[in-house]
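Fold and contact review
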Amino acid sequence: RVHGEDLKTGNQSEHLNLATTVRSDGLQSRPAYASAVAVTVDGIVLCWRGLVWNQNMDSAAQADAEKHMRNAEKHMKTSFMKWKPDIDDAIEEYQLAATAFRNAKLFQRGVEACCKAAELHKTNKNLFHAAKQLEQAATLSKE
């Protein structure tokens, strides 16, 4: 379906035709471009610098981040055949989760993922990368 939104910018009202195809599950099937910078009132479609996003993309980023957190936890588990946790893969998953949480605007969870990655870097005695992760956590906490 095609969205057309009435948008108010300051004292003037503009009509913006956003030509985007939205599938039945709510995800955008192709990128759409608009000529103006605008945000809808109801929060369903966001338009910024000519690109159109759907609100469901944030929930997809959150689901992706949660998947990376679960994968990191799996890498840290030991079993009868796996005697040591795979710390390097867990670090990578925590870093991917932090990035996905930042994209989903869940900054507190991103800080949590960065701190876990920093602890694992410290376990590996890689203090430079641990400090970089703590710096990224501080940056996320400011946002």
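See the structure above.
Presented here is a report on the structure given in the accompanying data block.

What counts and what doesn't
Residues numbered from 1 in each chain as written. Predicted model: local features only at pLDDT ≥ 70, side-chain atom pairs only at ≥ 80, totals over all residues. Heavy atoms only, no water. Disulfide = S-S within 2.5 Å. Buried < 20%, exposed > 50% of the residue type's maximum accessible area, 1.4 Å probe, protein only. Helix = DSSP H or I, 4+ residues; strand = E, 2+ residues; numbered from the N terminus. Contact = heavy atoms within 4.5 Å. Salt bridge = Lys/Arg side-chain N within 4 Å of Asp/Glu carboxyl O.

1. Details of the state of the cysteines
Counted under the stated rule, the structure contains zero disulfides. In this structure C114 is not part of a disulfide, and its nearest cysteine sulfur, from C115, lies 6.9 Å away. In this structure C114 comes out as buried when scored by relative accessible area, which is 0%. Using a relative accessible area of 32% as the deciding quantity, one classes C115 as partly exposed.

2. Examining the environment of K122
Along the chain, the position of K122 falls in helix α3 (residues 107-123). Of the residues examined, K122 reaches a relative accessible area of 52% and is grouped as exposed. What K122 contacts, discounting residues up to four positions off in sequence, is L127 and A130.

3. Overview of the pattern of salt bridges
In this structure the tally under the stated criterion is five salt bridges. A salt bridge links K67 to D64; its shortest N-O distance comes to 3.6 Å. Within this pair, K67 and its partner D64 are both found in helix α1 (residues 56-76), separated by three residues, close to a single helical turn. By relative accessible area, which is 32% here, D64 ends up partly exposed. The salt bridge partner of R109 is E112, with a shortest N-O separation of 3.8 Å. With R109 and E112 both in helix α3 and three residues apart, this pair spans about one turn of that helix. For R109, a relative accessible area of 27% corresponds to the partly exposed category. Through salt bridges with shared partners, a single ionic network connects E66, R109 and E112.

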